[in-house]
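Single-letter residue listing:
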Amino acid sequence: QTNITLQNDIRIGEDIVQVLYDHRKEEVSTNGADAMNRDRTTNSRAASYNARRGANLLNAAIRRDNSVYGSKNTGSVGYGYDITSQLRATASYGTSFRAPTYNELYYPGYGNPANQPEQGKNSEIGLRWDDGVNAFSASYYHNKLTDMLVNTTPCPYAGYNSGCAYNVNKALLEGVTISGATKLAGIELTASIDLQDPKDETTGKRLQRRSKKHGNVTADYAIGALKLGAELEFSGDRFDDTANKNRLGGYGLVNLYATYAISGDWSALVRWNNIGDKQYDLARNYA
């Protein structure tokens, strides 16, 4: 993959305009079918505008991708309002486009040349409070996807022995994310949780290998140049199949880490993940 990106940020008073050009060429080496496309080029142009007027914040962006899938336009608009110096409300809406990768199209026993690009429409509203010591935020999101690209087991296409790349006709990712941070007795505490309903709207089943809840809690304590930390990660259960019959259990992990600031430019990090050696699968038989 060869990528060239040109970006220019222009300040107009207090506003910022960003313009971008991106060229990406992908090439594949394979002993597969001669009929496959062995290279493809995508040329993209994008622009965004960021502005503040008093308590109002505005962002608008647009992008156009030209590729083997034709010309595709996506964009987004976001608005924020400072209710007070500590409290801000936000809202946004955007569209998305993702072309299948070469693996999702051609990889033997997995890809399918008939797979289509994924397209989405996402809306979100949120509220954030921050007084410099304590912070809290909550947001609700609603993301509707057409032809969502997923790994699915069993494969609905004939001739595939196991899982494959597949387009979910209509999918919905809807949920709430809540996070907070504070400092207590010299310990910096942060936590977040995501409660979602990832659904295949055609079948009404939960999307494969997706949990309904994720979260983490971290605690940091600094002693001079040394910072010690502990982290708890947790996730709910998920299903390994589209029929929602093969359940993969939820899990919790404890991680420890330490950083030491050697100088203003250098630091050393040591990290021990999953100290309890928890055994869990995100896909059946792939620990």
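No experiment lies behind these values; they were computed from the predicted model shown.

Colleague: For this particular structure, what's the right way to read the overall build of the chain?
Modeller: The secondary structure content of the chain amounts to one helix and 16 strands. With the C-alpha coordinates of the chain rotated into their principal frame, the extents come out at 65 × 55 × 40 Å. Split into buried and exposed, the 287 residues of the chain put 28% on the buried side. Taking as baseline every contact in the chain between residues at least 6 positions apart, the subset at least 24 positions apart corresponds to 46%. A total of about 17300 Å² of accessible surface is found on the chain, and carbon and sulfur atoms cover 54% of it. Charge-centre separation for the chain: the mean point of 32 positive side chains lies 4 Å from the mean point of 31 negative side chains.

Colleague: Whenever I open this one, the packing of aromatic side chains confuses me. Can you help?
Modeller: What characterises a pair of aromatic rings is the spacing of the ring centres plus the angle enclosed by the ring planes. Overall, the coordinates contain four aromatic pairs when judged by the stated rule. On the basis of an interplanar angle of 55 degrees and a centroid distance of 6.0 Å, the ring pair of Y157 and Y160 is categorised as tilted. A residue is classified by how much of its surface remains accessible, and Y157, at 24% relative accessible area, is partly exposed. Seen in terms of ring centroids, Y157 and Y166 are 5.6 Å apart; in terms of plane orientation they differ by 65 degrees. Their pairing is edge-to-face. A network of ring pairs unites the aromatic residues Y157, Y160 and Y166 as a single cluster. One Lys or Arg, R40, reaches over the ring of Y102 and ends 4.9 Å from the middle of that ring.

Colleague: Help me understand the nonpolar core, please; the structure alone is not making it clear to me.
Modeller: Soluble, globular proteins show a tendency: their nonpolar side chains are buried together. Judged by nonpolar contacts, L145, M148, V150, V168, A171, L173 and L207 together constitute the single largest core of seven residues. Taken together, the elements giving at least two residues each to this core come down to strand 8 (135-152) and strand 9 (164-184). Residues contacting V150, with those up to four places away along its chain left out, are C164, A165, Y166 and V168.

Colleague: So what exactly am I meant to see when it comes to unusual backbone geometry here?
Modeller: Peptide bonds are mostly trans, and most non-glycine residues show a negative phi. For the peptide bond that leads from T153 to P154, omega is -5 degrees, which places it in the cis range. Inspection of the secondary structure assignment puts P154 in the loop between strand 8 and strand 9. Its identity is not glycine, yet A185 carries a phi of approximately 55 degrees, on the positive side. Relative to the elements of secondary structure, A185 occurs in the loop between strand 9 and strand 10 (187-200). Within the chain, N244 stands out as a residue other than glycine whose phi angle is a positive 60 degrees. As for its position among the elements, N244 is in the loop between strand 13 (238-239) and strand 14 (247-248). Given a relative accessible area of 18%, N244 falls into the buried group.

About the cut-offs
- Residues numbered from 1 in each chain as written.
- Predicted model: local features only at pLDDT ≥ 70, side-chain atom pairs only at ≥ 80, totals over all residues.
- Heavy atoms only, no water.
- Helix = DSSP H or I, 4+ residues; strand = E, 2+ residues; numbered from the N terminus.
- Buried < 20%, exposed > 50% of the residue type's maximum accessible area, 1.4 Å probe, protein only.
- Contact = heavy atoms within 4.5 Å.
- Areas by Shrake-Rupley, 256 points an atom, 1.4 Å probe, with all protein chains shown as cover.
- Lys, Arg positive; Asp, Glu negative; His and termini not counted.
- Charge placed at Lys NZ, Arg CZ, Asp CG, Glu CD.
- Phe/Tyr/Trp six-rings, centres within 6.5 Å; stacked < 30°, edge-to-face > 60°.
- Lys NZ or Arg CZ within 6 Å of the ring centre and 35° of its normal.
- Core = buried A, V, L, I, M, F, W, Y, C linked by side-chain atoms within 4.5 Å.

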